[in-house]
Amino acid sequence: MNNRSMGNQAIDYNPDELTAVWMVVIEWDGDKPPTVYYNRIRKMGFTVRGDKSTSPLTRRAGFEGVVYQEGNLICRAESTARFLSGLASEYGARAVSIIRATFASTTMSESDARTLESMQAYFGAKGRRANPVKWCVTCKDEGKSYTIETDKPVVCPNCGSLEINYRQGDKPAYMDQETINPRAVWIGSRFGNGLFESPVLSNDPIDGYTNPPTNPTINTGDQTRIDHLMHSTLIDQLNRLADAKIINRAGYLAALDAGYCVLTKNNDTRAKSRIESIARFFARGGDANELTLITNPLDVDMIDLYPVMGETAIENTLRYDHLMNH
Ligand SMILES: [Zn+2]
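Small disclaimer: the values here were computed from a predicted structure and weren't measured.

Digging into the environment of Pro216
Consideration 1: Mapping Pro216 onto the fold places it in the loop between strand E9 (200-202) and helix H8 (220-230).
Consideration 2: We classify Pro216 as partly exposed; it has 15 C-beta atoms within 10 Å.
Consideration 3: As for Pro216 and Asn193, which are separated by 23 residues in sequence, their C-alpha atoms are 7.6 Å apart.
Consideration 4: Leaving out residues up to four positions away in the same chain, Pro216 has contacts with Gly188, Phe191 and Gly192.

So, in structure tokens, the structure goes:
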């Protein structure tokens, strides 16, 4: 056994300095990986060893690659990850993927703590569950609403996010009138039930579809977010794209949904996402000099919508950039 595999690096390792790792995720499809596979990686020094007085993370990260769980290897170098994924495939793994992962803070925010408390109360409660009923669940990581039947919603039924609003009943359905400006329709249709929801809109009369309320009751926090949104860089960008017929009404409203959701996030989360989003914009041929890296907690622009809208946000930013500079 050589010194390196005994973990000399682990002693000097400082978790604050390690910002990203490579993960090899291996699917053995219920089978036990062959012993020869374990022997092979152990002989190469890719195992959890080291001083038990240090944290498992410290011990794990100190090596080039480690057995973290049966199907999950963490490595410092991409080349190690590729090598280990090849090895697993050779010994019968059904599927192997390599993921580049960055460390995120494990400190709970106030809203995380509230969610944990209500989940513990819900799952810890004794006795019979209430009968399932219809709920409209709105996911603030996707800017979308879903109707589900359950005794009580806990997470987003689509993505599992904890950042949800919910109330009993169906997802709202409203009439849309193209003569009314999209911002007014957005406020009425999104906050018609008090909390943010993303409804179904129709231009044609359908049974049960009503006009959105013109003056919904909105709580102070949401009212502040709406005020910021309505005076944002995003509105200016959307208006220009709409005037140039580059974005349609549905696209305009979806961008406002995403803008609202982004404004509910804390600034640290937004700042990290913004850097990723700008990298994506740059990778797709955008001129990154056009964008500031700084996140403004009182403002939101098109590129900020990437975590919620995905590639659509990048495409809209590219279109806007093209419109303004050509
Ligand atoms: Zn979701």
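Some words on unusual backbone geometry
Consideration 1: The phi dihedral of Lys245 falls on the positive side, at around 60 degrees, and the residue is not glycine.
Consideration 2: Looking at where Lys245 falls in the secondary structure, it is placed in the loop between helix H9 (233-243) and helix H10 (249-263).
Consideration 3: Of the residues examined, Lys245 has 7 C-beta atoms within 10 Å and is grouped as exposed.

What to know about helix H7 (residues 182-190)
Consideration 1: All of the buried residues along H7 are Pro182, Val185, Trp186, Ile187, Ser189 and Arg190.
Consideration 2: Residues of H7 that are buried make contact with strand E8 (173-175), E9, H8 and H10.

Looking at the sheet that holds strand E7 (residues 164-168)
Consider a sheet: its strands pair through backbone hydrogen bonds, and that pairing is either parallel or antiparallel.
Consideration 1: The strand order E6-E5-E7 describes an open sheet built from 3 strands, whose pairing is antiparallel. Since the sheet does not close on itself, it has two edges, and those belong to strand E6 (144-150) and E7, each with one partner. Between one strand and the next, the sheet's axes are offset by a mean angle of 25 degrees, whatever the strand orientation.
Consideration 2: Inspection of the sheet shows strand E5 (residues 133-139) paired to E6 by 7 bridges, in the antiparallel sense. Within E6, the position partnered with Val133 by the bridge is Thr150.

Points about the packing of H9 against H10
Consideration 1: Running from amino to carboxyl end, H9 crosses H10 at an angle of 170 degrees, the nearest separation of the two axes being 11 Å. When the axes of H9 and H10 are compared, the pair comes out roughly antiparallel. From H9, Leu234, Leu238 and Ala242 reach across to H10, where they touch Tyr252, Ala255 and Gly259.
Consideration 2: Per-class residue counts for the contact of H9 with H10 are 5 nonpolar, 1 polar and no charged.

Here's the deal with the packing of H9 against helix H13 (residues 311-325)
Consideration 1: Where H9 contacts H13, the two axes come as close as 10 Å, and the packing angle between them is 70 degrees. What the angle tells us is that H9 and H13 run roughly perpendicular. Together, Gln237, Arg240 and Leu241 of H9 and Asn316, Arg319, Tyr320 and Leu323 of H13 make up the contact between the two elements.
Consideration 2: Within the contact of H9 with H13, the residues separate by chemical class into 3 nonpolar, 2 polar and 2 charged.

Rules behind the numbers
Residues numbered from 1 in each chain as written. Predicted model: local features only at pLDDT ≥ 70, side-chain atom pairs only at ≥ 80, totals over all residues. Helix = DSSP H or I, 4+ residues; strand = E, 2+ residues; numbered from the N terminus. Buried ≥ 20, exposed ≤ 12 C-beta atoms within 10 Å, placed from the backbone. Contact = placed C-beta atoms within 7 Å. Pairing = 2+ DSSP bridges. Axes fitted to C-alpha atoms, helices over the stretch in contact; angles between N-to-C directions. Parallel < 35°, antiparallel > 145°, perpendicular 65-115°, else oblique. Nonpolar A, V, L, I, M, F, W, Y, C, P; charged D, E, K, R; others polar.

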